[in-house]
Amino acid sequence: AGKTPGRPSMPESTSSASADLAALRSALANEQIVLQSVASATVSESGARSTIYLPTLSSGLGALGFSARTPGLLAILTFALLPTIFVLGWFTVVRLVDNTIENIAVRQRMENIRAHFAGVHPSGPALLVRGDARTGEYGVRYGRSSFLFTMASMIAAVNCVLGGALVALALTEGIGSPLLGAQLSGATVGIVLLGATLTYERRRIRAANLARRPVGG
């Protein structure tokens, strides 16, 4: 009996499928390396942006300290430097949250690739799993409040204190409000800003986590 025209023989079909699978796994291995580089880049960028903001704030406060003996110069520097640093802080927080979201997305893709390779061999799941309910992910248990300990939350807390101080200074130096009232107003503004910032961060991280789907899910 001859071969059916237009249809490859069984050995040829099996060989082609094996070649395709090998090519896929090679591509996945390369993709894993690329994703690891992207994840490292997001962490490095977060550290670099935090390093830009905090020394800038420290230098600005130092300049204000040196100008404290000259009231006119102090007022000029206060209302020129601090608002600028405050805006820089907001830009930093937004980008740090972006980095967190990027890291979540990259890790999900890496987990999908890991799940594929875990299914190649019966011992794969035991060697390639991330963790379990007892130990958490890579030995760390993440909960709903874990976002409070990110770089974005750290910079947000410092920046909100700066925002509250700016309000207090504006009230006392600008319109001559009583010191106690200005301090209470500044503290209130700082707390409100911090609450709004943390809510923004939590919602974005929650949306990114909800978008995570396992392979085949």
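Model, not experiment: these values are computed from the prediction.

**Q** So, the overall build of the protein chain: which residues are in play, and what are the values?
**A** A tally of helices and strands in the protein chain yields 5 helices and 2 strands. With 217 residues in all, the protein chain has 27% of them scored as buried. Put simply, of all contacts in the protein chain between residues at least 6 apart along the chain, 76% involve residues at least 24 apart.

**Q** Explain the packing of helix 4 (residues 151–174) against helix 5 (residues 179–210) residue by residue, including any values.
**A** Between helix 4 and helix 5, the least distance of the axes is 7 Å, while the angle of their chain directions is 150 degrees. One finds that helix 4 runs roughly antiparallel with respect to helix 5. Seen along the crossing, helix 4 lies across helix 5 with a hand that is right-handed. Side by side, helix 4 and helix 5 meet where Ala 152, Ser 153, Ala 156, Ala 157, Cys 160, Gly 163, Gly 164, Val 167, Ala 168, Leu 171 and Thr 172 of the first sit next to Leu 179, Ala 182, Gln 183, Ser 185, Gly 186, Val 189, Gly 190, Leu 193, Leu 194, Thr 197, Leu 198 and Glu 201 of the second. Class assignment for the residues of the contact of helix 4 with helix 5 results in 13 nonpolar, 9 polar and 1 charged.

**Q** Explain the nonpolar core to me, using residue names and the numbers behind them.
**A** Ranked by size, the top nonpolar core spans 20 residues in total, and within it Tyr 53 and Leu 162 carry the most contacts. Of all the secondary structure elements, the ones that give two or more residues to this core are helix 1 (10–66), helix 2 (71–118), helix 4 and helix 5. In terms of residue count, the dominant contributor to this core is helix 2 (8 residues). Among residues more than four places away in sequence, those in contact with Tyr 53 are Ile 85, Leu 88, Gly 89, Thr 92, Ile 155, Val 158, Asn 159 and Leu 162. Of all hydrophobic cores here, the second largest spans 6 residues; its members include Leu 28, Ala 39, Met 110 and Ile 113.

**Q** Before we move on, could you go through the side chain of Ser 153 and cite the residues and values that matter?
**A** One can find Ser 153 in helix 4. Among the polar contacts made by the side chain of Ser 153, one reaches the side chain of Glu 201 at a distance of 2.7 Å.

**Q** Tell me what's going on with the environment of Thr 84, and back it up with residues and numbers.
**A** Among the structural elements, Thr 84 can be located in helix 2. Once the C-alpha coordinates of Thr 84 and Gly 60 are considered, the two residues, 24 residues apart in sequence, prove to be 9.9 Å apart. Side-chain polar atoms of Thr 84 contact the backbone oxygen of Ala 80, separated by 2.8 Å.

**Q** Go over helix 5, please, and point to the residues and values.
**A** Between its first and last C-alpha atoms helix 5 spans 46 Å; for 32 residues at 1.5 Å apiece the expected length is 46 Å, and the two agree. Considered for burial, the residues of helix 5 that qualify are Ala 182, Gly 186, Gly 190, Thr 197, Leu 198, Glu 201, Ile 205 and Ala 208. On its buried side, helix 5 packs onto helix 2 and helix 4.

**Q** With reference to specific residues and values, describe the pattern of salt bridges.
**A** Going through the model one piece at a time under the given rule, you end up with 6 salt bridges. Here Glu 31 and Arg 109 are joined by a salt bridge, their closest N and O atoms 2.5 Å apart. With Glu 31 in helix 1 and Arg 109 in helix 2, this residue pair connects regions lying 78 residues apart in the sequence. For Glu 31, a relative accessible area of 25% corresponds to the partly exposed category. A residue is classified by how much of its surface remains accessible, and Arg 109, at 44% relative accessible area, is partly exposed. Between Arg 204 and Asp 98 there is a salt bridge, with its nearest N and O atoms 2.6 Å apart. Residue Arg 204 is located in helix 5, and its partner Asp 98 is located in helix 2; the two are separated by 106 residues in the primary sequence.

Thresholds applied
- Every chain is numbered on its own, with residues counted from 1 as its sequence reads.
- Per-residue local features are limited, in this predicted model, to residues with pLDDT of at least 70; the limit for side-chain atom pairs, both in listing and counting, is 80 or more; totals at the level of whole chains, interfaces and linings are taken over all residues.
- Calculated side-chain values reflect all of the structure's heavy atoms, with hydrogen atoms and water omitted.
- Where helices and strands are cited, they refer to DSSP runs of H or I of at least four residues and of E of at least two residues respectively, numbered from the N terminus.
- Throughout this description, buried means an accessible area under 20% of the type-specific maximum (1.4 Å probe, protein chains only), exposed means over 50%, and partly exposed covers the range between.
- Any pair of residues with heavy atoms lying within 4.5 Å of one another is described as a contacting pair.
- Between N-to-C directions, angles cover 0 to 180 degrees, with each direction set by a line fitted to C-alpha atoms, over the stretch in contact for helices.
- Roughly parallel means an angle under 35 degrees; roughly antiparallel, over 145; roughly perpendicular, 65 to 115; everything else is oblique.
- Working rule for handedness: look at the near helix, and if it is turned counterclockwise from the far one by less than a right angle, call the crossing left-handed; if clockwise, right-handed.
- Charged residues are taken to be Asp, Glu, Lys and Arg, nonpolar residues to be Ala, Val, Leu, Ile, Met, Phe, Trp, Tyr, Cys and Pro, and polar residues to be all remaining types, Gly included.
- In this description, a nonpolar core means a group of buried Ala, Val, Leu, Ile, Met, Phe, Trp, Tyr and Cys residues linked to one another through side-chain atoms lying within 4.5 Å.
- Whenever two N or O atoms come within 3.5 Å, that pair is a polar contact, provided that in protein one can donate a hydrogen and the other can accept it, and provided that, for residues adjacent in sequence, both atoms are side-chain atoms.
- Any helix carries an expected span of 1.5 Å times its number of residues minus one.
- A pairing counts as a salt bridge when a side-chain nitrogen of Lys or Arg comes within 4 Å of a carboxyl oxygen of Asp or Glu.

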